[in-house]
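Breakdown of the fold
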Amino acid sequence: MDNKKKENFSEWYTEIIQKAELADIRYNVKGFVVFKPWSVITMEKMYDIYEKELQDKGHNPAWFPIVIPESNFTLEASHVEGFTPEVFWVTEHGRGEKLEEKLALRPTSETAMYKMYSLWIQGLADLPLKIYQRGSVYRHETKATRPFIRSREFYWIEAHNCFATKKEAVNQVKEDLETTETIMHQQFCIPFIGFQRPEWDKFAGAVHTYAADTLMPDGKVIQQPSTHLLGQNFSKPFDINFQNEKGEKDYVWQTCYGPAISRMYASLISSLGDDKGLRFPFELAPIQIIIVPIYKEENKRNVLTYSKKIKKVLERDYRIKIDDSDNTPGYKFNEWEMKGVPIRLEIGGREVENNQITISLRTSKEKQSIKLIKLKKFIRIHAREITDTLRKEADENFKEVIHNADSLDKLKSALQKGGFVRVPFCSIDIKGKECADIIKAETSGDIRGTKVNDPERPRDEDKCICCGKPAKNIVYVAKQY
Ligand SMILES: [Zn+2]
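Thresholds, definitions, all that
Counting starts from 1 at the beginning of each chain's written sequence and moves along it residue by residue. In keeping with the predicted nature of the model, local features appear solely for residues at pLDDT of at least 70, side-chain atom pairs appear and are counted solely at 80 or more, and the whole-chain, interface and lining totals rest on all residues. Strands here mean DSSP runs of E at least two residues long; helices mean DSSP runs of H or I at least four residues long; both are numbered from the N terminus. C-alpha atoms define the radius of gyration in this analysis, and the globule rule sets the expected value at 2.2 Å times the number of residues to the power 0.38. Each residue is classed by its C-beta neighbour count within 10 Å, where at least 20 other C-beta atoms makes it buried, 12 or fewer makes it exposed, and intermediate counts make it partly exposed; the C-beta atoms are placed from backbone geometry. Placing a C-beta atom from the backbone of each residue, one calls two residues in contact when those atoms lie within 7 Å. Should DSSP find at least two bridges between two strands, the strands are regarded as paired. Between N-to-C directions, angles cover 0 to 180 degrees, with each direction set by a line fitted to C-alpha atoms, over the stretch in contact for helices.

Structural notes on the overall build of the protein chain
Along the protein chain, the regular secondary structure elements total 13 helices and 23 strands. On C-alpha atoms alone, the protein chain measures out to a radius of gyration of 26 Å, which is about the 23 Å that the 2.2 N^0.38 rule sets for 481 residues. Expressed as lengths along the three principal axes of its C-alpha atoms, the size of the protein chain is roughly 80 × 55 × 50 Å. Here the protein chain holds 481 residues, and the buried ones make up 41% of them. When contacts within the protein chain are restricted to residue pairs at least 6 apart in sequence, those whose partners lie at least 24 apart make up 69%.

Focus: the environment of I291
For I291, the location among the structural elements is in strand 15 (residues 289-293). The class of I291 is buried, set by 24 C-beta atoms lying within 10 Å. Sequence-wise, I291 and K311 are 20 residues apart; in three dimensions their C-alpha atoms are separated by 7.9 Å. With near-sequence residues (within four places) excluded, I291 lies in contact with S307, I310, K311, I320, I322, D323, L345 and I347.

Quick notes on the sheet that holds strand 23 (residues 473-478)
Note on sheets: strands pair through backbone hydrogen bonds, and any given pair is parallel or antiparallel. Taken together, eleven strands build an open sheet; the order of strands is 3-7-8-14-11-10-9-22-23-21-20 and the sheet is mixed. The open sheet has two edge strands, strand 3 (60-61) and strand 20 (402-404), and neither has a second partner. Across the face of the sheet, helix 7 (residues 261-272) comes into contact with strand 8 (153-163), strand 10 (208-215) and strand 11 (221-231) while running at roughly 120° to strand 8.

What about the environment of T358?
Relative to the elements of secondary structure, T358 occurs in strand 18 (residues 356-361). Separated by 300 residues in sequence, T358 and G58 place their C-alpha atoms 45 Å apart. Apart from residues lying up to four places away in sequence, T358 is in contact with E346, E351, K367 and S369.

Keep in mind that these numbers describe shape and distance, not what the molecule does.
Structure follows, in structure tokens:
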């Protein structure tokens, strides 16, 4: 890699996408990107892990159409207001014949799914209804697009749930935040803080929005999965009603949750990568073990035979490959390190003679020699260790970038350093919007909200850093992607 991640993150990001062949931005529709095998194999794994967790928690998969009629789309007023500027519309077919009704390419699927939910839900027996789909959504973003971080098509999961009571809906939101912790943090090694978004920054149509924010190496924040308490805001206009225990008509309480896999991949490569290139949690690496045979003409056959034997021992449990190309061993080492393969096995004449393997981990500088008989156990133990090491490192980097400020000037200079800045603030309900706008104009910082876990109460003497009124909230400010 030519660029150092910490010093030139933006260039590093562009370089790794090209060198590791993760995406190609040359597709001839603006804002649309081609994702290539080395990223898609990992994203498929991420989908599998996420979907399994959702299914274990009682969500079932479904596939809804990609097109949404305008008449569905306009049913919930603030939703249509929020999303209309970003919608791609399909208006004709064939040789310019107009469709009877304009169709939106789904920017999100509330208005597709809830139309059907109103047919599916009649009584308490139909509740709770917890359905998700995996797929892509389309938004005409006007901000600059970058592969994985933001493009006009992105790949995600959206889970849409209906409950008989508000309490169950609130619990679902909590469960979603736990799912983000279990999967995105524990398994994908991406640390985050969960925030309740301020009133002016919630999802169009939601009562409350909760989102997981993580940081890029340049100190800017990127939003990861958000979960929304929709209340009855959609169930009333979409007429999703049921007969309650008293035999009366009641409207369901709803939530939705949207882990965006392609965007999570942006955080994954950015926060785990280093100056040599990519690094992956063991489970997510497209190739988990690379065998590099090192031979001269006279021992080539023996070395390759031994390499194949080792591959055979491991291939049932792991994604493994022998690099028998004509490149030099040094070139191969660099190449597979750049590609993020977690474990490298080096096999030369000495290894063959002694029934040994030399092992090098992507997360460690040292090499180790072990006996062939111990190989399986070694890999089993180190697979877990590699992921733990990456998570620990990411957590430590993340902790370093939380600052404090008690004035606009201090906030401004703290934001220059990057990361989150904790500040006392008048209020995250709609009254605070004026102060948020001033803060944005003066510092380019966005108010991300109040922390969900371990909520922080301001002290009696704390004043809003903008208007000077008594602070009702401690909020986190950051510059965002
Ligand atoms: Zn204020």
